[in-house]
Amino acid sequence: DAPAQAVIDAAVVAAATAAGKTAEEAAGAAVKARNLTAEDFSREDYEWAYSVITTRAIFPGLLTERERDGDVPLVVLGPLSDSMAHGEGLLKLSYDAEKQQCSFTALQPIKKGDHISVGVGMTSNLELLANRGALLARNPSNFVLMKFQLDSMSDMHYSAREAMMRHLNLSNPMTYVVRSGEMPQGLLASLRIQALTPVEFGVYQKALQTPVTLDNEWRAYRLLISSCNAILNLYATSLEEDNQLLQSAALSRATRSAILLRRQEKLIYASINDWANEAWNAILYAQTSPPATSGPQ
């Protein structure tokens, strides 16, 4: 299929370039590779090609607008770009379709001897570790997945809640991408629906925009915090224990990466709890503050 062919083309070009071929010869090798049969291209060859792409290629579509300029190709793989570190985005990528040429422009001064890194875009640390064998200590795009699902077994109002969610275009069940310090609107609205009492059913439409009631908001935050705490309790170690383990110089690279990965997941869950506490305090402050006054008309 097309994605597989793109992998093969890019890998063949990379291999030909690494072997000292010119750009024209490398492109010719890719064209020739498109006529390969199953006998010519084994599963081992495909796994090698796939590994080259996932570990060394740049995927411009994942980059932020600051890191790319105009229309960009699906995959970029070349003798210079594949030697760049993947991490903080220090370069902007642009593409000349007519010349089939990629250009990299520094976004800030780079000193002689400094590492040149290209951004990883909206990629989680789990994806980075699985595909590139390394992760970022500070990755603003890192996330955890949180699944919301109404209790169909013990909630006598399950059907009513599900109907409310459908009316608000909320899915049940639904898995949400949650980053540090962020709260998806759909997840919070779903928690508000789950926390409704029958007395509050008549005002469920408010769930998408504002607190339904003060009591309902408190119950929704408690559900969120208890869910995060339950997930944190599933880990074999605490955040403090991970911090202590990382101080050991005897850890293998693989073990250290695994500990860093789970530690950063825990930090996101902890940040969700912090978000809930801060949001609740903000609501209480707004409730007790005097009403804002407008200036002279």
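Keep in mind the model is a prediction, meaning the values are calculated, not measured.

Caption draft 1: Geometry of the packing of aromatic side chains. Counted by the stated rule, this structure contains 3 aromatic pairs. A ring pair is formed by Y221 and W275, whose centres lie 5.7 Å apart and whose planes are at 85°; its orientation type is edge-to-face. Here Y221 is found in helix α7 (residues 214-234), whereas its partner W275 is found in helix α9 (residues 253-288), with 54 residues between them in sequence. W275 sits in the partly exposed class, given a relative accessible area of 21%. Ring centres of Y221 and W280 lie 6.3 Å apart, and the angle between their planes is 85°; on these two criteria the pair is classed as edge-to-face. Within this pair, whereas Y221 is found in helix α7, its partner W280 is found in helix α9, the two being separated by 59 residues in sequence.

Caption draft 2: Molecular detail of the confidence of the model for the chain. Taken residue by residue, the chain gives an average pLDDT of 83. The fraction at 70 or more is 82%. This model gives residues 289-297 a pLDDT under 50, and the stretch forms 0 contacts once residues within four places in sequence are excluded.

Caption draft 3: Summary view of the packing of helix α6 (residues 185-194) against α7. Where α6 contacts α7, the axes come no closer than 8 Å and their chain directions differ by 115°. It follows from the interaxial angle that α6 and α7 lie roughly perpendicular. In terms of crossing hand, the pair formed by α6 and α7 is right-handed. The segment α6 lies against α7, with L188, L191, R192 and Q194 engaging N216, E217, A220, Y221, L223 and L224.

Caption draft 4: Spatial organisation of the pairing of strand β4 (residues 101-106). Of the strand pairs in this sheet, strand β3 (residues 91-96) and β4 are connected by 6 bridges, and their pairing is antiparallel. Bridging from a neighbouring strand, K92 pairs with T105 of β4. Counted along the chain from β3 to the antiparallel partner β4, the turn is 4 residues long, and its residue Q100 has a positive phi close to 50°.

Caption draft 5: Representation of the environment of T64 within the structure. Position of T64 relative to the elements: it lies in the loop between α3 (43-56) and β1 (68-69). Judged by its relative accessible area of 35%, T64 falls in the partly exposed class. Along the backbone, T64 and G89 are 25 residues apart, and their C-alpha atoms lie at a distance of 9.0 Å.

Definitions and cut-offs
Residues numbered from 1 in each chain as written. Predicted model: local features only at pLDDT ≥ 70, side-chain atom pairs only at ≥ 80, totals over all residues. Heavy atoms only, no water. Phe/Tyr/Trp six-rings, centres within 6.5 Å; stacked < 30°, edge-to-face > 60°. Helix = DSSP H or I, 4+ residues; strand = E, 2+ residues; numbered from the N terminus. Buried < 20%, exposed > 50% of the residue type's maximum accessible area, 1.4 Å probe, protein only. pLDDT = per-residue confidence, 0-100. Contact = heavy atoms within 4.5 Å. Axes fitted to C-alpha atoms, helices over the stretch in contact; angles between N-to-C directions. Parallel < 35°, antiparallel > 145°, perpendicular 65-115°, else oblique. Left-handed = near helix turned anticlockwise from the far one by under 90°. Pairing = 2+ DSSP bridges.

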